[in-house]
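Here is how the chains run, residue by residue.
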Amino acid sequence: MSETQEQPSRGPQLSEQVAQRLSDAIQAGEWGRGARLPTEAALGERYGISRSVVREAISMLRNGGLVTSRRGSGSFVAESPTVSLRLEIPDPDIQSVIEVLELRRPLEVEAARLAAERRTPSQLRRIRNAMVDIDEAVEAGLSGVDQDLAFHRTIAEAANNTHFTAVLDFYNRFLHHAIRVTRTNESLRETFMLQVVGEHQAILDAIAAGDAEAAARAAAIHLEHAETRLRQAPTDLLKSVLERVEAQRSSVAVTPSESESTEHTGDNPQ
C-alpha cells in the first residue's frame, strides 16, 4: 500500500476499516509472518488518522489472531496467523436488527452470569460508571449508542474471559447499527426509555449482588424486551427510524478527533 492509497472514510467504524486494510495487506504478503508492523505514528500518517484509531485497529487484529504484540518492541504479524472471519454489515431492515439481538442473547446472558460470579470491585465500579455515562449522554442530547455498547462491554470484561470481549469487538460493527436502531426507536417514546434504564439497573444490581442467575435473567429480559419494543413499533415509525439510522451511518463528515470520541470504548447495546 502506498501513502497515496485512498484513506478510510470517516465514521463510527473507522478503526475497523483500518483493521481491514491492514488485514488485507498482511494477507497480500506486504508483511510476512513474524514481520514487524510500522509504528502507530507511521500507520497513522499513512492512513491520515490518529494513533488511537490505529491502536484500536491493531487491537482488533490481535484479538483475531493475526497480530501479536511484544512489550517494548511493537506489533508483529503472527507466526501462524489465523484467517479472519468476514461478515457483511446487516441489511437496513428490522429483521436484520432482530437477528443481531438473537446473536447477542446467548453471549451477553452468559457474560452477565459470569460477571456476577467473577467481577472485581474495580470492574463493578466501571460498570456503574458506564451506566452513568449513558444517562449523561442522553441528557446531553446524544444517542447514547457508544455508551450503551460500553456498558455491555464492561460486563463482558467482568466475566474475566478474554474470549467474550474478543467476540464483542469482532461483531461491534453489527451491534453499533442494531443498537442505534433500538435506541432511536426507544428514544421516541419515554416509556421505552424508562424501561431500558430499569433493565440496565436490574443487570447492574444482580451483578453487584453476586447473583449469577438473576444477572443472566435480567440480561435475557433486556434483550427480549428490546426485540418486543421493535416489534411493537408502528411500521411507519420503524421506517423513519431505519432511514434516520442509515443517513447517520452513511455520513462521512466526522473529523479525526470526533472519530476518536465515537470509537466504541466497548459500544454495547441497547
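Residues numbered from 1 in each chain as written. Predicted model: local features only at pLDDT ≥ 70, side-chain atom pairs only at ≥ 80, totals over all residues. Heavy atoms only, no water.

Colleague: Where do I start with the overall build of the protein chain in this structure?
Modeller: Across its full length, the protein chain carries twelve helices and two strands. Relative to its full complement of 270 residues, the protein chain shows a buried share of 49%. Restricting to contacts in the protein chain with at least 6 residues of sequence separation, those with at least 24 account for 77%. Carbon and sulfur atoms provide 51% of the accessible area of the protein chain, an area that totals close to 12900 Å². (Helix = DSSP H or I, 4+ residues; strand = E, 2+ residues; numbered from the N terminus. Buried < 20%, exposed > 50% of the residue type's maximum accessible area, 1.4 Å probe, protein only. Contact = heavy atoms within 4.5 Å. Areas by Shrake-Rupley, 256 points an atom, 1.4 Å probe, with all protein chains shown as cover.)

Colleague: Even after reading the chapter, I still don't get helix 3 (residues 51-63), so can you show me in this structure?
Modeller: Each α-helix turn comprises 3.6 residues. Residues three or four places apart therefore point the same way. Taking 1.5 Å of rise per residue, the 13 residues of helix 3 would be expected to cover 18 Å, and the 18 Å separating its terminal C-alpha atoms lies within 8% of that figure. Where helix 3 is concerned, the buried positions are Val53, Val54, Ala57, Ile58, Ser59, Met60 and Leu61. Following helix 3 by one or two positions, Gly65 has its phi on the positive side, about 80°. (Expected span 1.5 Å × (residues − 1).)

Colleague: Looking at this model, I keep getting lost on the pattern of salt bridges. Mind explaining?
Modeller: Two side chains of opposite charge can pair, provided their charged atoms sit close to one another. In total, this model carries ten salt bridges according to the counting rule given. Glu110 is paired through a salt bridge with Arg113; the nearest N and O atoms lie 3.0 Å apart. One end of the pair is Glu110 and the other is Arg113, both in helix 4 (residues 94-118) and three residues apart, which spans about a single turn. Glu110 gets classed as partly exposed once you look at its relative accessible area, which sits at 30%. As a salt-bridge pair, Arg231 and Glu227 come within 3.0 Å of each other at their nearest N and O atoms. Of this pair, Arg231 and Glu227 are both found in helix 10 (residues 212-232), four residues apart, which corresponds to roughly one turn of the helix. Through salt bridges with shared partners, a single network forms among Glu40, Arg51 and Arg55. (Salt bridge = Lys/Arg side-chain N within 4 Å of Asp/Glu carboxyl O.)

Colleague: Please explain the packing of aromatic side chains as it appears in this structure.
Modeller: Between two aromatic rings, the relevant description is the distance of the centres plus the angle of the planes. Applying the stated criterion across every chain yields a total of zero aromatic pairs. The ring of Phe76 is capped by Arg70, whose NZ or CZ atom sits 3.7 Å from the centre of that ring. (Phe/Tyr/Trp six-rings, centres within 6.5 Å; stacked < 30°, edge-to-face > 60°. Lys NZ or Arg CZ within 6 Å of the ring centre and 35° of its normal.)

Colleague: Please clarify how the pairing of strand 2 (residues 74-77) should be interpreted in this entry.
Modeller: Taken residue by residue, a regular strand's side chains alternate between the two faces of the sheet. In the sheet, strand 1 (residues 67-70) pairs with strand 2 via four bridges, with the strands oriented antiparallel. In the sheet register, Thr68 faces strand 2, and the bridge partner there is Phe76. The antiparallel pairing of strand 1 with strand 2 creates a hairpin that spans three residues between the two strands, and Gly72 there sits at a positive phi of about 85°. (Pairing = 2+ DSSP bridges.)

Colleague: In this structure, what is going on with helix 2 (residues 40-47)? I would like to understand it.
Modeller: Within the sequence span of helix 2, burial applies to Leu43, Gly44, Arg46 and Tyr47. One side of helix 2 carries all its buried residues, which in axial view fall inside an arc of 160°. As for helix 2, its buried residues are in contact with helix 1 (14-27) and helix 3. Of the residues trailing helix 2, Gly48 is marked for its positive phi of about 70°. (Arc of directions from axis to C-beta.)

Colleague: For this particular structure, what's the right way to read the confidence of the model for the protein chain?
Modeller: Low pLDDT marks stretches whose predicted atomic positions should not be read closely. The predicted model of the protein chain has a mean per-residue pLDDT of 79, with 73% of residues at 70 or higher. Averaged over each element, pLDDT in the protein chain is lowest for helix 12 (residues 256-262) (35) and highest for helix 5 (residues 121-139) (94). (pLDDT = per-residue confidence, 0-100.)

Colleague: Is there a simple way to think about the environment of Arg113 in this case?
Modeller: Residues Arg113 and Ala215, spaced 102 residues apart in sequence, show a C-alpha to C-alpha distance of 5.4 Å. Discounting residues that sit within four places of it in the chain, Arg113 has contacts with Ala212, Glu213, Ala215 and Ala216.

Colleague: Hey, could you run me through the side chain of Thr154 in this one?
Modeller: Examined against the element boundaries, Thr154 turns out to sit in helix 6 (residues 145-158). Polar contacts involving the side chain of Thr154 include one to the main-chain carbonyl oxygen of Phe151, which spans 2.6 Å. Those residues in contact with Thr154 that sit more than four places away from it in its chain are Arg126, Ile127 and Ala130. (Polar contact = N/O pair within 3.5 Å; in protein donor to acceptor, adjacent residues only side chain to side chain.)

Colleague: Is there a simple way to think about unusual backbone geometry in this case?
Modeller: Apart from glycine, the bulk of residues carry a negative phi angle, and the bulk of peptide bonds sit in the trans form. Look at Asn160: it is not a glycine, yet its phi comes out positive at around 55°. Tracing the backbone shows Asn160 in the loop between helix 6 and helix 7 (162-170).

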